[in-house]
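One-letter residues, chain by chain:
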Amino acid sequence: LALGRGACAHYAPAPPHPAQFVADLDARRLPEKPAGVAWTGADLLSAALTRNPQIVEARAKRLAALAAARAAKSPPGPSLTLTAEYANEAPHWGYSGAGDIPLDYGARRSVRITTANLQALQAFYDYGEAIWNVRTALEKARGDSIAANAELKLADESVAVRRERASRIERRVAAGQDARAVAIVARTDLIAAQRRRGAAIGRQGAAAADLAKALGVAPEAVRGMNLGTMGAPEIIMLTEIATWRRDAALSRGDVLRAVADYDIAENALRLEIANQYPAISLGPGYNYDHGVTKLPFSLSLALPPWDLNRRAIAQAEAVRTAAGRSLELAQANALAAVDSTHAAFLTAWNDESRTFSQDLPTVMDAERRAKASADAGEADRVDELAARGATLDVRLNLVDAQHAELSARTD
């Protein structure tokens, strides 16, 4: 006992420091990128792996589950009872020691170890799901930021064009060349452009906050990051949707976790069936009974309940059935998610393609014609500004369509 106590681990307190975490989070910085080099999705994920609290927590829970799986392999410890008694006869003292050694074998041991291993597997799935969720959040925040930057740039130009047009129309109204209603319409267009610019600024700030959250840093650390620009519509192999549906129904994190839940329920049923039979433990002992030495040996049986564990078995079977239904629900949700996102992607991609290939060339041609007419003195600059404003509106619509397509692609 003394040697065993000397080898025991000792408690060491490790209290958390919430205030220190806040200071550490605010002090975190990202690696510097050379001028003109944009952050890629892989760069962002690499930076998030060691900083994002969600990933760090999932990694810690994974390590805790692995430690629990190792601990499950240890058999239950024996018990020892020491007794002394005094009698008014010679010799006066008697001593006894009795042990109880549970036998760790069969279904009870295998179920305990298998359940712990399945829980460790679930923690691994959760770890992978946390990384995947952060990766998705990074892609969404990156797309939101790129779209907001592009939208804000176009919105600034749209405000400037409409302000100049409204000013020109006001001068024409003052000169009696146009009706007051025309100036009101121009002023209304300017107000709408200013509101869109304000909304773009809000979306830019929200995207920066989302990006900082996914990276595990303060918003100040992501300001000014070069995340790239919007590009032309990319073609995606929509013919692979059947393969994607099958893969989602078999390998998504929530589906794999539901499979592990079913296996855990299956093991719980095996344990309840094993509990129909007595649990056996050995009890070696030593007695010194007032001068007589005895070496007793006992065999203990922990008997099942009076109903031979039938109710517990029925409960475990019901839990297993419910776990099977939960697995089917997870697969149904996976298939529905792929189908709905596929439909959203098709809508966004078609809208983006139509705007890029039809609407934009049309308004750009109209703008060129209006500019040529104004340069030739055949039309007023007000018409040219109106055509320029229409082009900017279509470009803003294209940014919205590209943003929707990026979000659907990420999903």
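Predicted model only: the values in this text are computed from it and were never measured.

**A look at helix α4 (residues 53-72)**
So, point 1. Here α4 is 20 residues long and its end C-alpha atoms lie 28 Å apart, about the 28 Å a rise of 1.5 Å per residue gives.
So, point 2. Of all the positions in α4, only I55, A58, A65, A69 and A72 are classed as buried. Down the axis of α4, the buried set is contained in an arc of 100°. They therefore lie on one face. Turned more than 90 degrees off the buried face of α4, the exposed positions are L63 and R70.
So, point 3. In this structure, the buried residues of α4 make contact with α3 (41-49) and α5 (106-174).
So, point 4. Structurally, the start of α4 carries an N-cap: the backbone nitrogen of Q54 is 2.8 Å from a side-chain oxygen of N52.

**Structural notes on the layout of surface pockets**
So, point 1. Estimated volume of the largest pocket: approximately 980 Å³.
So, point 2. Mapped by element, the contributors of at least two residues to the lining of the largest pocket are α5, α7 (241-251), α8 (253-274), α9 (310-375) and α10 (381-410).
So, point 3. In terms of residues, the lining of the largest pocket owes the most to one element, α5, which gives eight residues.

**A word on unusual backbone geometry**
So, point 1. Its identity is not glycine, yet L308 carries a phi of approximately 55°, on the positive side.
So, point 2. In this fold, L308 is placed in the loop between β5 (297-302) and α9.
So, point 3. One non-glycine residue, N309, lies in the positive phi region at around 65°.
So, point 4. In this structure, N309 sits in the loop between β5 and α9.
So, point 5. Classification of N309 as buried rests on a relative accessible area of 6%.

**A few points about a nonpolar patch on the surface**
So, point 1. A contiguous nonpolar patch, built from Y86, W93 and Y95 and spanning about 370 Å² of accessible area, is present on the exposed surface.
So, point 2. Secondary-structure assignment places W93 in strand β2 (residues 93-102).

**Notes on the environment of L282**
So, point 1. Summarising the element assignment, L282 is placed in strand β3 (residues 279-289).
So, point 2. Along the backbone, L282 and P78 are 204 residues apart, and their C-alpha atoms lie at a distance of 9.4 Å.
So, point 3. Apart from residues no more than four positions distant in its own chain, L282 is found in contact with G99, D100, I101, L103, F297, S298 and L299.

**A closer look at the packing of aromatic side chains**
The way to describe two aromatic rings as a pair is by their centre distance and the angle between their planes.
So, point 1. For the coordinates displayed, the defined rule picks out four aromatic pairs.
So, point 2. Their ring planes at 10° and their centres at 6.5 Å tell us that W93 and Y95 sit as a pair that is stacked.
So, point 3. Here Y95 falls in the partly exposed class, since its relative accessible area comes to 42%.
So, point 4. For the pair F124 and Y125, a centre-to-centre distance of 6.2 Å together with 50° between the ring planes defines the contact as tilted.
So, point 5. What makes F124 partly exposed here is its relative accessible area of 43%.
So, point 6. Y125 sits in the buried class, given a relative accessible area of 19%.

Calculation criteria
- Residues numbered from 1 in each chain as written.
- Predicted model: local features only at pLDDT ≥ 70, side-chain atom pairs only at ≥ 80, totals over all residues.
- Heavy atoms only, no water.
- Helix = DSSP H or I, 4+ residues; strand = E, 2+ residues; numbered from the N terminus.
- Expected span 1.5 Å × (residues − 1).
- Buried < 20%, exposed > 50% of the residue type's maximum accessible area, 1.4 Å probe, protein only.
- Arc of directions from axis to C-beta.
- Contact = heavy atoms within 4.5 Å.
- Polar contact = N/O pair within 3.5 Å; in protein donor to acceptor, adjacent residues only side chain to side chain.
- 1 Å grid on protein atoms, 1.4 Å probe; cavity = no way out; pocket = protein on both sides within 12 Å on 5 of 7 lines; lining within 4 Å.
- Points joined across faces, edges and corners; volume = space filled by probe spheres on them.
- Patch = residues over 30% accessible without salt bridge, like charges linked within 9 Å, V, L, I, M, F, W, Y side chains within 5 Å.
- Areas by Shrake-Rupley, 256 points an atom, 1.4 Å probe, with all protein chains shown as cover.
- Salt bridge = Lys/Arg side-chain N within 4 Å of Asp/Glu carboxyl O.
- Phe/Tyr/Trp six-rings, centres within 6.5 Å; stacked < 30°, edge-to-face > 60°.

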